[in-house]
Amino acid sequence: MITPAFAQTSSGMAGLEGMVQIVPFILIFIIMYFLIIRPQQRKAKEHRDMVANVRRGDQVVTSGGLIGKVTKVSDESELEVEIADGVRVRIARGMIAEVRAKGEPVKA
């Protein structure tokens, strides 16, 4: 009751055939890593560095689209931004999408 096709797969080459079937999945993972995962990690690192280097006088754009000037760095997680004359709001550092213009360094 054993068919010739079933009998042929039980040869010593079965391990090699299994490896040949796995190779395309490994190649797809490697391509995805270099085209998707690695650039995304690099962009996240650049954003983290940008947010960490925000200081008073910088012009920033929030993720909500508000443009303002940093007037005070409260602590490590909040900033005070002036969005209009006399209108100051507190925002979380993580909500900064872009730093448009770097301000003058603060004189000690």
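Residues numbered from 1 in each chain as written. Predicted model: local features only at pLDDT ≥ 70, side-chain atom pairs only at ≥ 80, totals over all residues. Heavy atoms only, no water.

- As named in an unreviewed UniProt entry, the protein chain is Sec translocon accessory complex subunit YajC, taken from Alsobacter ponti.
- What UniProt records for the protein chain under Sequence similarities (unreviewed entry) is the sentence "Belongs to the YajC family."
- Turning to the protein chain, the UniProt record has this under Subcellular location (unreviewed entry): "Cell membrane". (UniProt positions renumbered as here; feature names shortened; annotations may be inferred.)

Quick word on the sheet that holds strand β2 (residues 67–73)
1) Next: Taken together, the five strands give an open sheet; going across it, the order is β4-β3-β2-β1-β5, and neighbouring strands pair in antiparallel fashion. Among the strands making up the open sheet, the edge pair consists of β4 (87–92) and β5 (96–101). Averaged over all pairs of adjacent strands, the angle between their axes in this sheet comes to 45 degrees, without regard to strand direction.
2) Next: The sheet contact formed by strand β3 (residues 78–84) and β4 spans six bridges and is antiparallel. (Pairing = 2+ DSSP bridges. Helix = DSSP H or I, 4+ residues; strand = E, 2+ residues; numbered from the N terminus. Axes fitted to C-alpha atoms, helices over the stretch in contact; angles between N-to-C directions.)

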